[in-house]
Amino acid sequence: MIELAIKNIWGRKTRSVLTIMGVIVAMQLYIILSTIMGSYEKDVQKQISNMAGRVIVQLKTESGASFLPGSNVIKESDAKEVMGLQGVDNERSTPVLIQAIVPSKVPNAPPTVMAAGIEKGKEEAYFGNVEVDGESKISKSSDVILGAGAKEFYKAKLGDSITVRDDKFTVVGILPEINSQIDASVVMNLATAQEIFVRPSLVSSVMLTATQVDKVVELAKKVTELNPKLTASTSESMKKSADEMLEGQRRFFAMINNTVVAVAAFIVMIVMVMAVFERRKEIGTLKAIGASRAKILGIIVTESLTLSLIGGVMALPISVLLIRLVFGGWLFDTSQWGQTIAVAVGLGIFAGLWPAWSAQRVNPLESLRYE
Amino acid sequence: MIIQTKNLWKTYGSGDTQVNALRGVDLTVNKGDFLALVGPSGCGKSTLLHMLGAMDTPSRGEIMLEGRELGKLGEGQLTDVRLERLGFIFQTFNLVPTLNALENVMLPMKFAGISRREAKQKALCLLDMVGLKERTRHLPAQMSGGQRQRVAIARALANDPALILADEPTGNLDSENSEKIMELLQNLNRKGRTIVMVTHNPELAERVNRVVYMKDGQLAELQRNTKDIQSA
Ligand SMILES: Nc1ncnc2c1ncn2[C@@H]1O[C@H](COP(=O)(O)OP(=O)(O)O)[C@@H](O)[C@H]1O
Ligand SMILES: [Mg+2]
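Values in this document were obtained by computation on a predicted structure and should not be read as measured data. (Residues numbered from 1 in each chain as written. Chains lettered and ligands numbered in written order. Predicted model: local features only at pLDDT ≥ 70, side-chain atom pairs only at ≥ 80, totals over all residues. Heavy atoms only, no water.)

Here we take up the overall build of chain B. Helix and strand counts for chain B come out as 8 helices and 10 strands. Taken over the C-alpha trace, chain B has a radius of gyration of 18 Å; the compact-globule value for 232 residues is 17 Å, and the two agree within 12%. Expressed as lengths along the three principal axes of its C-alpha atoms, the size of chain B is roughly 50 × 40 × 35 Å. Here chain B, with 232 residues, has 53% of them falling under the buried criterion. The long-range share in chain B, meaning contacts at least 24 apart out of those at least 6 apart in sequence, stands at 70%. Total accessible area computed for chain B in this model is approximately 10400 Å², and 45% of it derives from carbon and sulfur atoms. Side chains of chain B carry 30 positive and 26 negative charges; the gap between the two charge centres is 5 Å. (Helix = DSSP H or I, 4+ residues; strand = E, 2+ residues; numbered from the N terminus. Rg over C-alpha atoms; globule rule 2.2 N^0.38 Å. Buried < 20%, exposed > 50% of the residue type's maximum accessible area, 1.4 Å probe, protein only. Contact = heavy atoms within 4.5 Å. Areas by Shrake-Rupley, 256 points an atom, 1.4 Å probe, with all protein chains shown as cover. Lys, Arg positive; Asp, Glu negative; His and termini not counted. Charge placed at Lys NZ, Arg CZ, Asp CG, Glu CD.)

Another aspect to go through is the packing of helix α2 (residues 13–50) of chain A against helix α12 (residues 334–360) of chain A. Residues and elements named next belong to chain A. Where α2 contacts α12, the axes come no closer than 11 Å and their chain directions differ by 145°. Regarding α2 and α12, the two cross each other, and that crossing is right-handed. The segment α2 lies against α12, with M27, Y30, I31, S34 and T35 engaging Q336, Q339, T340, V343, A344 and L347. Among the residues making up the contact of α2 with α12, the classes are represented as 6 nonpolar, 5 polar and no charged. (Axes fitted to C-alpha atoms, helices over the stretch in contact; angles between N-to-C directions. Left-handed = near helix turned anticlockwise from the far one by under 90°. Nonpolar A, V, L, I, M, F, W, Y, C, P; charged D, E, K, R; others polar.)

The next thing to look at is the confidence of the model for chain B. A low pLDDT means the predicted coordinates there should not be read in detail. All names here are of chain B. Of all residues in chain B, 95% have pLDDT values of 70 or greater, and the mean over the chain is 92. Overall, residues 226–232 carries pLDDT values under 50, and its contacts beyond four positions in sequence, including any with other chains, amount to 6 contacts. Model confidence for the complex is summarised by a pTM of 0.78, with the ipTM given as 0.93. (pLDDT = per-residue confidence, 0-100.)

What follows covers the site of ligand 1. Residue and element names in this part refer to chain B. Neighbouring ligand 1 are Y12, V19, A21, P40, S41, G42, C43, G44, K45, S46 and T47. One nitrogen or oxygen atom from the side chain of T47 is found 2.5 Å from an oxygen atom belonging to ligand 1. Burial of ligand 1 by the protein amounts to 58% of the accessible area it has alone, namely 560 Å². Breaking the shell around ligand 1 down by element, the ones donating at least two residues are β2 (19–29) and α1 (45–52). Looking at the shell around ligand 1 element by element, the count peaks at 3 residues for α1. Tallied by class, the residues present in the shell around ligand 1 amount to 5 nonpolar, 5 polar and 1 charged. (Near = heavy atom within 4 Å. Polar contact = N/O pair within 3.5 Å; in protein donor to acceptor, adjacent residues only side chain to side chain.)

Take the interface of chain B and chain A next. Tallying the contact residues gives 23 residues for chain B and 26 residues for chain A. Counting across the interface, chain B meets chain A through 4 salt bridges. With a closest N to O distance of 2.9 Å, B:R116 and A:E3 form a salt bridge. The tally of links from chain B across to chain A stands at 10 residue pairs in polar contact (both at pLDDT 80 or more). (Salt bridge = Lys/Arg side-chain N within 4 Å of Asp/Glu carboxyl O.)

Side chains that differ in sign of charge can pair as their charged atoms come close. Applying the stated rule across the entire model yields 29 salt bridges over all chains. Between A:D160 and A:K157 there is a salt bridge, with the nearest N and O atoms lying 3.9 Å from each other. Taking the relative accessible area as the measure of exposure, A:D160 reaches 22% and is therefore partly exposed. Assessed through its relative accessible area of 57%, A:K157 is described here as exposed. With a closest N to O distance of 3.2 Å, B:E69 and B:K72 form a salt bridge. B:K72 sits in the exposed class, given a relative accessible area of 68%. Residues joined in a network through salt bridges with shared partners are A:R12, A:R15, A:E278, A:R279, A:E282 and A:E303.

The domain architecture assigned to chain A consists of domain 1 (2–43 + 245–369) and domain 2 (54–209). The gap between the C-alpha centroids of domain 1 of chain A and domain 2 of chain A is 47 Å. (Domains from an automatic or database assignment.)

Turning next to the sheet that holds strand β4 (residues 60–65) of chain B. Residues and elements named next belong to chain B. The strand order β2-β1-β4-β5 describes an open sheet built from 4 strands, whose pairing is antiparallel. Either end of the sheet is taken by a strand with one partner, and the two such strands are β2 and β5 (68–69). Relative to β4, strand β1 (residues 3–12) runs antiparallel, the two being bridged by 5 bridges. Considered in β4, the bridge of K6 is made with E62. (Pairing = 2+ DSSP bridges.)

A word on the packing of helix α11 (residues 293–327) of chain A against α12(A). Two numbers describe a pair of packed helices, the interaxial angle and the distance between the axes. All names here are of chain A. Across the interface, α11 lies against α12 with an axial gap of 7 Å and an inter-helix angle of 150°. By the angle class used here, α11 and α12 are roughly antiparallel. In terms of crossing hand, the pair formed by α11 and α12 is right-handed. Across the contact of α11 with α12, the residue classes tally to 21 nonpolar, 7 polar and 1 charged. (Parallel < 35°, antiparallel > 145°, perpendicular 65-115°, else oblique.)

Here helix α2 (residues 75–84) of chain B has its buried residues at B:L78, B:T79, B:V81, B:R82 and B:L83. Where α2(B) is buried, its residues touch α10 (280–288) of chain A together with β4, β5, β6 (86–89) and α3 (101–111) of chain B.

Topologically, A:N189 is positioned in strand β9 (residues 185–189). Those residues in contact with A:N189 that lie beyond four places of it in its chain are A:G117, A:I118, A:K120, A:E123, A:I138, A:K140 and A:S141.

With that out of the way, let us pick up the environment of B:Q77. Residues and elements named next belong to chain B. Within the element layout of this structure, Q77 appears in helix α2. Of the residues examined, Q77 reaches a relative accessible area of 40% and is grouped as partly exposed. The sequence separation of Q77 and A54 amounts to 23 residues, and the corresponding C-alpha distance is 9.9 Å. A distance of 2.9 Å separates a polar side-chain atom of Q77 from the backbone nitrogen of G74.

Printed below as a string of structure tokens:
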């Protein structure tokens, strides 16, 4: 059957090319949306798991804690006050000033590269106890430690010099991949960041580590009691608000994705209905010479499936190229590819059912029709 | 006896517009017959052929094909009968336009579940027999009407049918090509194939061993011609 399907597709090139193009357009949109949503979700999860035992203090806004670092500022003196609270492990807590260097091309996403000003000597409070290539502390105000993504962006090696806002810095340390925020960071002294971004005595947030892991929620409560203008998030509260946000986003993406898949299914279905209509005489002939209903059903569904599958498979590399062109990264996820193929298969079969049903009902006497 | 009809009736429509296309047809086709159905247009030749071809069901009467009554078979069984016991040749050739000659001939064998290799071998053999050895990879659109009809004949023979049915097989062909098709059918008959052919070309009817005249849905007359007597 697959042979007859391919011959039919090949024999009607213009129609087939247009149909496949329609499927490609829809499926690449599906892939891009799913990839973005998937990588975004993964990253949020990573960030949250990185936060275990920590409290992030930020300015309280109407929408609660923000996932976009550096969108608001608080006074450094307020930060100091919070760090003086009982139960704070001062050595592993630091005020942080985040400033975008290269904003993201994806709306509402963290910057591609950003400066992270950290109190001198507290760098590890920001990126955690990880294996750093080079120095893990910043001793000179002209030194920086690069996150994995920032390193890629500057194409820098240890000892290289990079320019941030007209200031020259020396790369003294390079971090492994941790999460998108830290990967995007150019870690520098807080005072330096405040100076070059003109944020005197201001910080974005405070990262607190509790002396006792089980006292995290208590500590967060103390922070807001001390200063009601602040909000304190723990990994649990972050997880909750992340889930709420992700849920909304998931629903939105799912709606668009379902629509996109439905449009592709309609394209294939309309083409197949027309193909069956055009070929009534041919289908009648097949029945007259002994093709069973099941065979006819198989021929039409296979043809629909083949069209959809070719479109789905071709959409994969195209979507990778498009993501590269639009967002500038090689973002792809092979498990996502499997899912895309599965969607293309489901779509092809679904779109073929109705035309196949009407085809298998064609009377063998239709073979005698004059055209 | 290959096929036999008993008091076959076919009525189209109802009420005022009712047409009795067949009115009590009794016909017996024996093994090795080359039978021509002739008669004026609209007398019911095609209708009868479709009944014999298990493509349509009679309003009344019965059809026995190799001892089985077609009226008692379900749709799936009728499909199998068409696939395995009957070969149909159409006036308009009815090849699948996207398949080449070889693939068209292989099609019924594939429907019957014959392996690709075996089907290909047999199809090549059949195409050689109809004189199209050099045209196996041609699409129908790249062939003349006569060549297409020869492919269609090869396709009709694919599953070794007990009975070949042809509805005006030369109706769309010029006299030269008609001649070739007719020779081919005669050759098949000489090799023992049973053929029922509808035609209104009296010259063609001369060259078969049985002629059945039809008129107003009935068999008007049964005449055996000289050739039949020679071959009998
Ligand atoms: N599907 C149909 N519906 C109604 N009438 C039909 C149909 N098919 C054939 N007829 C009628 O039945 C009669 C016999 O037709 P047909 O068998 O095609 O004749 P022939 O092949 O001898 O020219 C004609 O009067 C024709 O109009
Ligand atoms: Mg007719």
